[in-house]
Amino acid sequence: MNYNIALLKGDGIGPEIVDSAVRVLEAIGKKYGHVFKFTPYLIGGAALDSVGVPLPEETVKGCLASDSVLLGAVGGPKWDTLPGNMRPEKALLGIRSAMELFTNLRPAKLYPALKGDCPLREDIVAGGFDIMIVRELTGGIYFGDRGMREGKYGEEAYDTECYSRFEIERIARVAFDTAMKRDKRVVSIDKANVLDTSRLWRKTVHEIAEEYPKVECTDMLVDNAAMQLVRNPAQFDVIVTTNMFGDILSDEASQITGSIGMLPSASLGTTSRGLYEPIHGSAPDIAGKNIANPIATILSAAMMLRYSFSLAKEADDIVNAVDKVLNDGYRTADIAHGKEALSTVEMTDRIIECL
Ligand code: NAD
């Protein structure tokens, strides 16, 4: 099969880690007889420097015409003083909304070989954990009615949380479909003891759950969920939640894996085209030094194979190659703890050797 992939390398370590993922995709393509055609487009600070805007029209068009999009990261101190709508990070919201991506999938997995990096007590994570957070990405309080007004005590500000049944149904289906390919357990997280939006959320999730009799569906209040993630993360398989709760909980979940350079993400919409990116930023402090950990981006490419191209075996091969390299003791500087570390290119070489 032939696939057209738009590459948004971005800033900082973006070009280095995207180049690594491209090499891995080329290797897997060679193994299975797929042809990946890569077309680079400008985004973020690189786009600002080159054409004066963080998200050029050509980039949006190129992404919408592609089969899928792989993004490095954007931003850096050079552009930090620009006004909000000219900041590189603005391009991220722009491309997500242009591609109508309403789902964010964020796995948080503790690799057995990296247990020592986890900030939680050893007995809590003895068996490891592997959580998939399904976050609604285009609704809720971040997109609701907002404003400033004069209130009883003078100046006040308000933001509004609003969810339609339609928005909840479609994200719930993504969560149940995801669970069907995993351990078949969904925990839906809300604040139904206080919020009306949460009560509609809970009711609707359970209606959709009836379409998936093989999946166990339970509810958890968000305050309890924040606690349970550090108390017993292994209890979770798939978590589904709103935009804001997902924003907060997915960062908490990523922190308990202990290694920001390892975690991929996928943003999906109504078509098979998705946007795949590591969860970390552009790491300007280590940019251009060939020491960044490329694994989050390589695993993002694996998610692209799985979710956009339905190439599960090819995706599994990449995940297994990463597992093997880590189990064999190879590390980049961020997870080496002062011991011998591989460069970005050397880590990529090792992973490709294991494919
Ligand atoms: P960051 O994730 O870039 O870096 C935080 C720390 O983690 C740094 O010490 C960095 O060196 C390290 N790190 C991150 N990724 C790594 C990797 N792959 N290998 C090894 N070490 C890694 O977060 P930050 O420093 O807060 O932000 C830097 C810039 O990135 C800012 O301009 C920010 O706005 C931007 N940012 C972009 C995205 C994105 O593009 N999606 C996300 C977050 C931050």
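Residues numbered from 1 in each chain as written. Predicted model: local features only at pLDDT ≥ 70, side-chain atom pairs only at ≥ 80, totals over all residues. Heavy atoms only, no water.

Description of the overall build of the protein chain
Then comes step 1: Counting secondary structure elements, the protein chain contains eleven helices and twelve strands.
Then comes step 2: For 355 residues, the compact-globule formula gives about 20 Å, and the C-alpha radius of gyration of the protein chain, at 20 Å, lands near that figure.
Then comes step 3: Considering only C-alpha atoms, the protein chain reaches an extent of 60 × 50 × 45 Å along its principal axes.
Then comes step 4: For the protein chain, buried positions account for 51% of its 355 residues.
Then comes step 5: Considering only contacts in the protein chain between residues 6 or more positions apart, those separated by 24 or more positions represent 76%.
Then comes step 6: Carbon and sulfur atoms make up 53% of the accessible area of the protein chain, which amounts to about 15,800 Å² in all.
Then comes step 7: Between the centroid of the 39 positive side chains of the protein chain and the centroid of its 50 negative side chains there is a distance of 3 Å. (Helix = DSSP H or I, 4+ residues; strand = E, 2+ residues; numbered from the N terminus. Rg over C-alpha atoms; globule rule 2.2 N^0.38 Å. Buried < 20%, exposed > 50% of the residue type's maximum accessible area, 1.4 Å probe, protein only. Contact = heavy atoms within 4.5 Å. Areas by Shrake-Rupley, 256 points an atom, 1.4 Å probe, with all protein chains shown as cover. Lys, Arg positive; Asp, Glu negative; His and termini not counted. Charge placed at Lys NZ, Arg CZ, Asp CG, Glu CD.)

Section: the nonpolar core
Where a protein is soluble and globular, its nonpolar side chains tend to be buried together.
Then comes step 1: Ranked by size, the top nonpolar core spans 61 residues in total, and within it Ile-5, Phe-36, Val-134, Phe-176, Leu-305 and Ile-351 carry the most contacts.
Then comes step 2: Counting residues per element, this core draws most heavily on helix α9 (residues 295-307), which supplies eight residues.
Then comes step 3: Core analysis: the second largest hydrophobic core is formed by 20 residues, Leu-120, Val-125, Ile-189 and Leu-249 among them. (Core = buried A, V, L, I, M, F, W, Y, C linked by side-chain atoms within 4.5 Å.)

Some words on the pairing of strand β12 (residues 274-278)
Then comes step 1: Among the five residues in β12, five count as buried, and that is most of the element.
Then comes step 2: Where burial is concerned, the two faces of β12 agree: the one with Gly-274, Tyr-276 and Pro-278 and the one with Leu-275 and Glu-277 are both buried.
Then comes step 3: Pairing geometry for strand β11 (residues 264-268) and β12, over five bridges, is antiparallel. What sits directly across from Leu-268, in β12, is Gly-274. (Pairing = 2+ DSSP bridges.)

A few points about the pairing of strand β8 (residues 185-190)
Then comes step 1: Within β8, five of the six residues are buried, which leaves the element mostly enclosed by the surrounding structure.
Then comes step 2: Examined bridge by bridge, β8 and strand β9 (residues 216-221) share six bridges and lie parallel to one another. Its bridge partner being in β9, Val-186 is matched across the sheet by Cys-217.
Then comes step 3: Following the chain from β8 across helix α6 (residues 196-209) to the adjacent parallel β9, one finds a crossover that is right-handed.
Then comes step 4: Bridge count between β8 and strand β10 (residues 238-241): four bridges; the pairing is parallel. Considered in β10, the bridge of Ile-189 is made with Thr-241. (Right-handed = clockwise from strand over helix to strand, strands pointing away.)

Quick look at the packing of aromatic side chains
Then comes step 1: Enumeration over the complete set of coordinates arrives at six aromatic pairs.
Then comes step 2: Relative to Phe-38, the ring of Phe-36 lies with its centre 6.5 Å away and its plane at 35°, an arrangement referred to as tilted. Here Phe-36 and Phe-38 have matching classes, each one buried.
Then comes step 3: Using a relative accessible area of 9% as the deciding quantity, one classes Phe-36 as buried.
Then comes step 4: Cluster of aromatic residues (ring-pair linked, three or more members): Tyr-3, Phe-36, Phe-38 and Phe-309.
Then comes step 5: When the ring centre of Phe-102 is taken as reference, the NZ or CZ atom of Arg-170 above it lies at 3.9 Å. (Phe/Tyr/Trp six-rings, centres within 6.5 Å; stacked < 30°, edge-to-face > 60°. Lys NZ or Arg CZ within 6 Å of the ring centre and 35° of its normal.)

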